[in-house]
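Structural characterization, general
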Amino acid sequence: MTSPYTNIVILTGAGISAESGIQTFRAVDGLWENCRVEDVATPEGFAADPDFVQDFYNQRRSKLQEITIQPNAAHLALGELEARFSGSLTIITQNIDDLHERGGNTNVIHMHGELLKARCSASEEVVEHKGDIVTGDLCSCCKTPAQLRPHIVWFGETPLKMDVIELAIEKADLFVAIGTSGNVYPAAGFVQAAKMYGAHTLEINLEPSAAENQFEEKRYGKASVEVPALVVELLASE
């Protein structure tokens, strides 16, 4: 049997990492319940209290590197899909963790940044950074060194690699959204673009998202169950 798909694009959100122990932002017990978005996820919040913002992300960065935080079955299944699929697979993630990479994926676009990287606040050069960032930690890229900040896209800032994302969606013949709320743009609009270009669209989530009516196919349940099942189906047609 020949696979009906040659270009798969998968959008992932917090739901795929929640089963690995990554606390989400929007759940009832999520991170936003303990902090105001304006205080920790905006350029204005960083300018007003950089120490508080750095500490918030330092805690997230430390948590991500704990031995208990590991890729779950959904991440591992997508890694297997990339390794065995004869076509093109692109992962677009709203998540700032590295669980896709640890699960075996290499073609990953982090549209909201990466927790294990730091960015120069002046030149925007990005460097690997697994330790804490504190006030006074300066870049090495500028003639006059500038403060390092988390490599995170905050509210009011433009998501990363949108040109690459748009091109991938344009070429997709299968678009899958996994563990997304459907509330955050521009990611919430990707399904409409994929449909416009002729892709089959599928939502995998614990419950219907805000964009549920845009998807042709829906599967509801744990990502760790539904994603491996989908991967088995896709590889069976190879």
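Each remark here, short or long, concerns the structure printed above.
Here goes a summary of the coordinates provided. Here, residues in each chain are numbered from 1, in the same order as that chain's written sequence. Local features in a predicted model are, by the rule used here, given only for residues with pLDDT of at least 70; side-chain atom pairs are given and counted only at 80 or more, and totals for whole chains, interfaces and linings are based on all residues. Where side-chain values are given, they derive from all heavy atoms of the structure, hydrogens and water being excluded.

Here we look at the pairing of strand 4 (residues 113-120)
Counting buried residues in strand 4 gives seven out of eight residues, a clear majority hidden from the surface. The pairing criterion is simple: DSSP has to find at least two bridges between the two strands. Helix numbering and strand numbering both begin at the N terminus, where a helix is a DSSP run of H or I of at least 4 residues and a strand a DSSP run of E of at least 2. Where strand 4 lies against strand 6 (residues 148-152), four bridges are found, and the strand directions are antiparallel. Bridged to Ala118 within strand 6 is Pro150. One ladder, built from three bridges, connects strand 4 with strand 5 (residues 126-128); its direction is antiparallel. In the sheet register, Ala118 faces strand 5, and the bridge partner there is Val127. With antiparallel pairing between neighbouring strands as the criterion, strand 4 and strand 5 make up a hairpin whose turn holds five residues, including Glu124 at a positive phi of roughly 70 degrees. Partly exposed describes any residue whose relative accessible area lies between the buried limit of under 20% and the exposed limit of over 50%, with all areas from a 1.4 Å probe on protein chains only and scaled to the type maximum.

Focus: the nonpolar core
Grouped together as the largest cluster of nonpolar side chains are 23 residues, with contacts concentrated most on Ile8, Ile10, Leu78, Leu81, Val176, Ile178 and Val227. At the level of elements, strand 1 (7-12), helix 5 (73-84), strand 2 (88-93), strand 7 (174-178), strand 8 (200-205) and helix 9 (223-236) are the ones that each hand at least two residues to this core. With six residues, the single largest contributor to this core is helix 9. Here Val176 is in contact with Val9, Ile10, Leu11, Leu202, Ile204 and Leu230, once residues within four sequence places are set aside. Side-chain atoms within 4.5 Å are what join buried Ala, Val, Leu, Ile, Met, Phe, Trp, Tyr and Cys residues into a set we call a nonpolar core. Val9, Ala177, Ala187 and Ala199 belong to the second-largest nonpolar core, a separate cluster that totals 19 residues. Contacts are assigned to residue pairs that have any heavy atoms within 4.5 Å of one another.

Looking at the sheet that holds strand 4
Across the sheet, which stays open at both edges, the three strands sit in the order 5-4-6 with antiparallel pairing between neighbours. Each having just a single partner strand, strand 5 and strand 6 make up the two edges of the open sheet. Averaged over all adjacent pairs, the angle separating strand axes in this sheet is 45 degrees, with direction ignored. Here an axis means a line fitted to C-alpha atoms, over the contact stretch when the element is a helix, while the angle between two N-to-C directions is reported on a 0 to 180 degree scale.

Some remarks on the pattern of salt bridges
For salt bridges, the criterion is a side-chain nitrogen of Lys or Arg within 4 Å of an Asp or Glu carboxyl oxygen. Across all of its chains, the model carries nine salt bridges by this definition. Across the salt bridge formed by Lys63 and Glu66, the nearest N and O atoms sit 3.3 Å from each other. With relative accessibility at 35%, the residue Lys63 sits in the partly exposed group. Owing to a relative accessible area of 35%, Glu66 belongs among the partly exposed residues under this scheme. Bridged by salt links that share partners, the residues Glu114, Lys117 and Glu128 form one connected network.

Considerations on the sheet that holds strand 2
Strand pairing within a sheet occurs via backbone hydrogen bonds; the two strands may be parallel or antiparallel. Taken in spatial order, the six strands line up as 3-2-1-7-8-9 in an open sheet, and their pairing is parallel. Each of the sheet's edge strands pairs with one partner strand only, and the pair in question is strand 3 (108-110) and strand 9 (217-220). Sheet twist, expressed as the average angle between the axes of neighbouring strands with direction ignored, equals 15 degrees. Where strand 1 lies against strand 7, five bridges are found, and the strand directions are parallel. Counterpart to Ile8 in the pairing with strand 7 is Leu174.

Considering helix 4 (residues 50-64)
Residue count minus one, scaled by 1.5 Å, sets the expected span of a helix. The end-to-end C-alpha separation of helix 4 is 21 Å, in line with the 21 Å expected for 15 residues at 1.5 Å each. Considered for burial, the residues of helix 4 that qualify are Val53, Gln54, Phe56, Tyr57, Asn58, Arg61 and Leu64. In the core, the buried residues of helix 4 are packed alongside helix 2 (37-40), helix 3 (43-48), helix 6 (99-102), strand 4 and strand 6.

Quick notes on helix 5
Compared with an ideal rise of 1.5 Å per residue, which puts twelve residues at 16 Å, helix 5 spans 16 Å between its outermost C-alpha atoms and is within 8% of the ideal. Buried within helix 5 are the following residues: Ala74, His75, Ala77, Leu78, Gly79 and Leu81. Buried positions along helix 5 lie against strand 1, helix 1 (14-18), strand 2, helix 6, strand 7 and helix 9. N-capping of helix 5 is provided by Asn72, with a side-chain oxygen placed 2.8 Å from the backbone N of Ala74. Residues adjacent in sequence count toward polar contacts only when both atoms are side-chain atoms; beyond that, a polar contact is any pair of N or O atoms within 3.5 Å, and within protein one must be able to donate a hydrogen and the other to accept it.

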